[in-house]
Amino acid sequence: MPESGEGLPIRKHTVRSFDEELEHLTRQIVHMGALVERQVAEAIRALVERDGDTAARVVQQDDEVDELEEAIDQEAIRILATRQPMAIDLRMVAMALKISNDLERTSDYAVNIARRVQRLIEQPPLKPLVTIPRMAELVQLMIKDVLDAYVRRDAERALDVWRRDEEVDQYYNSLFRELLTYILEDPRRTSMCIDLLFIAKNLERIGDHATNIAEKIRYIVHGDLINRMSRDVKK
Amino acid sequence: MTAMDKARDGYTVTLGRAADPGSEFAARVKVEVEGLSFWYGGKQALFDVTMPIAERRVTALIGPSGCGKSTFLRCFNRMHDLYPGNRYAGRIVLHPDGIDIVSPKTDPMIPRLRIGMVFQKPNPFPKSIYENVAAGLRIRGIRDRALLDEQVEKSLRRAALWDEVKDRLDASAYDLSGGQQQRLCIARALAPEPEILLLDEPTSALDPIATAHIEELIDELRAEYTIVIVTHNMQQAARISQFTGFFHLGRLVEFGPTQQLFTRPRETMTQDYITGRFG
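Not measured: the values here are computed from a predicted model.

The next subject is the overall build of chain A. Helix and strand counts for chain A come out as eight helices and zero strands. Counting from the amino terminus, helix and strand elements in chain A follow one another as α-α-α-α-α-α-α-α. Principal-axis analysis of the C-alpha atoms places the extent of chain A at approximately 65 × 40 × 20 Å. Counting only residues that meet the buried cut, chain A has 51% of its 235 residues in that class. Counting contacts in chain A only where the partners sit at least 6 residues apart, residues at least 24 apart contribute 81% of the total. Taken as a whole, chain A presents about 11500 Å² of accessible surface, with 50% of it coming from carbon and sulfur. In chain A, 35 positive and 44 negative side-chain charges are present, and the distance between their average locations comes to 3 Å.

Residues and elements named next belong to chain B. Inspection of the sheet shows strand β3 (residues 29–40) paired to strand β4 (residues 43–54) by eight bridges, in the antiparallel sense. The residue of β4 that forms the bridge with V29 is A54. Counted between consecutive antiparallel strands, the loop separating β3 from β4 contains two residues, among which G41 sits at a positive phi close to 60°.

Okay, the packing of helix α4 (residues 145–158) of chain B against helix α6 (residues 178–190) of chain B next. Residue and element names in this part refer to chain B. The geometry of α4 relative to α6 is characterised by a closest axis approach of 8 Å and an angle of 130° between their N-to-C directions. With respect to their mutual orientation, α4 and α6 come out oblique. Of the two elements, α4 crosses α6, and the hand of that crossing is right-handed. Facing α4, whose interface residues are S155, L156 and R158, α6 presents L184, A187 and L190. Looking at the contact of α4 with α6, its residues break down into four nonpolar, one polar and one charged.

Residues and elements named next belong to chain B. What the six strands build is an open sheet, ordered β8-β9-β10-β5-β11-β12; its pairing is mixed. One side of each edge strand has no neighbouring strand; the edge strands of this open sheet are β8 (115–118) and β12 (251–257). Strand-to-strand twist across the sheet, computed as the mean angle between neighbouring axes with direction ignored, equals 15°. As paired elements, strand β11 (residues 243–248) and β12 share six bridges and run antiparallel to each other. What sits directly across from G245, in β12, is F255. With respect to the sheet, helix α7 (residues 208–221) is in contact with β5 (58–62), β9 (196–200) and β10 (226–230), its orientation differing from that of β10 by roughly 150°.

Let us look at a nonpolar patch on the surface. Residues and elements named next belong to chain A. Together, F176, L180 and L184 make up an exposed nonpolar region whose accessible area comes to about 300 Å². Residue placement: L184 occurs in helix α6 (residues 155–185). Accessibility expressed as a relative area gives 68% for L184, which makes it exposed.

Next up on the list: the confidence of the model for chain B. For chain B, per-residue confidence averages 89 on the pLDDT scale, and 91% of positions sit at 70 or higher. This model gives residues 1–11 of chain B a pLDDT under 50, and the stretch forms 34 contacts once residues within four places in sequence are excluded.

Attention now goes to the packing of aromatic side chains. Residues and elements named next belong to chain B. As enumerated under the stated definition, the model contains seven aromatic pairs over all chains in all. For the ring pair F38 and Y40, a centre distance of 4.9 Å and an interplane angle of 90° mean the geometry is edge-to-face. Its relative accessible area of 0% is what places F38 among the buried residues. Y40 sits in the partly exposed class, given a relative accessible area of 37%.

With 31 residues, α6 of chain A extends 46 Å from end C-alpha to end C-alpha; this agrees with the ideal 45 Å at 1.5 Å per step. A distance of 3.1 Å separates the backbone nitrogen of E156 of chain A from a side-chain oxygen at the start of α6 of chain A, and that oxygen is part of D154 of chain A.

All names here are of chain A. With respect to the secondary-structure elements, L129 resides in the loop between α4 (87–120) and α5 (131–152). For the pair L129 and L22, spaced 107 residues apart in the sequence, the C-alpha separation amounts to 43 Å. Excluding anything up to four places from it in sequence, L129 contacts L47 and L196.

All names here are of chain A. Where helix α1 (residues 16–49) contacts α4, the axes come no closer than 9 Å and their chain directions differ by 20°. For the element pair α1 / α4, the angle class is roughly parallel. Considering only the axes of α1 and α4, their crossing is left-handed. The residue makeup of the contact of α1 with α4, split by class, is 22 nonpolar, six polar and two charged.

All right, on to the environment of E254 of chain B then. Residues and elements named next belong to chain B. Along the chain, E254 falls in strand β12. Among the residues examined, E254 registers a relative accessible area of 2% and is labelled buried. Separated by 12 residues in sequence, E254 and R266 have C-alpha atoms that sit 7.5 Å apart. When neighbours within four sequence positions are excluded, E254 is seen to be in contact with T244, G245, F246, Q260, L261, P265, R266, E267 and T270. Here the side chain of E254 touches R266 through a polar contact of 2.7 Å, landing on its backbone nitrogen. Engagement of the side chain of E254 in a polar contact is seen with the side chain of T270, the distance being 2.8 Å.

Parameters at a glance
Residues numbered from 1 in each chain as written. Chains lettered and ligands numbered in written order. Predicted model: local features only at pLDDT ≥ 70, side-chain atom pairs only at ≥ 80, totals over all residues. Heavy atoms only, no water. Helix = DSSP H or I, 4+ residues; strand = E, 2+ residues; numbered from the N terminus. Buried < 20%, exposed > 50% of the residue type's maximum accessible area, 1.4 Å probe, protein only. Contact = heavy atoms within 4.5 Å. Areas by Shrake-Rupley, 256 points an atom, 1.4 Å probe, with all protein chains shown as cover. Lys, Arg positive; Asp, Glu negative; His and termini not counted. Charge placed at Lys NZ, Arg CZ, Asp CG, Glu CD. Pairing = 2+ DSSP bridges. Axes fitted to C-alpha atoms, helices over the stretch in contact; angles between N-to-C directions. Parallel < 35°, antiparallel > 145°, perpendicular 65-115°, else oblique. Left-handed = near helix turned anticlockwise from the far one by under 90°. Nonpolar A, V, L, I, M, F, W, Y, C, P; charged D, E, K, R; others polar. Patch = residues over 30% accessible without salt bridge, like charges linked within 9 Å, V, L, I, M, F, W, Y side chains within 5 Å. Salt bridge = Lys/Arg side-chain N within 4 Å of Asp/Glu carboxyl O. pLDDT = per-residue confidence, 0-100. Phe/Tyr/Trp six-rings, centres within 6.5 Å; stacked < 30°, edge-to-face > 60°. Expected span 1.5 Å × (residues − 1). Polar contact = N/O pair within 3.5 Å; in protein donor to acceptor, adjacent residues only side chain to side chain.

And the structure:
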């Protein structure tokens, strides 16, 4: 049986204000996503440029992100109560609740990175950072592309983001081995290396959340499993 | 969930995924509608409708006004025979005996005795509460007072009305509230113990509380009866039915498990209708 329900064309609602509400909800998610994307970028820039002010700014932005999450959740719940959405509308509103949560977690990881940067820059640098910025670049692109896929309701693009998570995991594993070697070579650098390791871990988790959002986009479009991309793809 | 699998074993047709024999989507088929068309005189109102009605499940029929869902429902008890010039084509096979309800050879009284119907507006007879419920039994020639008493009480209890009327069975049915009158009509339909209950927008004239009572009742009656309900309220269809058929311009556009139809319709037209994007 082909999944013929997918990608059904979307027309306007008879009640125009309903369309406006759904569009506003989408815009808020995109706004929150853009904010979080920037937080991640700035946290990494603060690390590379050893810039404490930027790191502090990332930490401060956390409140704004939390407020947006609250606003999105309130609006989604209000739409559920007043419109009783069905089919694609229901999937969209329900997933807005979940996606806002993924974005909020992503923001928390960016803040965590920024806090570690604030501590790291008090000490002399270990060596020029190469792998972490490259990994960060990959993760940032995942966030950007997944938000793009969300706006366009593009399940294929979401799938592409989902596939890239493996590369992020590989980066993390190689960083783990590299940093472990440094610690063994010079135990005085242990605390610094652990901070860097956690930064890498946070980036890896951000990649996971981008992947989660990709799965939700697939559900919005196709309406099948919410928390898993097709098993065939995983192979 | 994919479209339903159909497995045939004698008259037993199983709907739902073969993998879930215990699920509420696995049901025997009580009625098989096959290629049903219907004409009001020269005007065709139903076009080649084929769908199963699951036994002891609630099947909801939805669609915009004039889509043919009420016309479809009324074929089941040959109500259209009351007007000359109306014509059926195709079959409505009633199981387990396999009689074709719309065959000219079938006496229309047969489906009428086996199928009960309740309409949009409560339409009690201008009689006492008791006589309303007993009416169908008297037509069937039951005169034994004790038997009538027993059946009237049983039907009123099933319709969740007994406690409210037991002390005033001789009062006029018109003394009851709208919601009570509708439950009385359901009791009247249940009294002759029909196999199928047809409900044509049974709550559209009722307030939310009375509606909730009827919905609760439908859910309880499902244990014993096969129920087909026409409703304009999509949330209601989503709440109370296990299967849903969506009609448009006399055609069945989509039929499937209710949960699937409301979260993941296969047809664009279904999605446009249930999400409020129609036309």
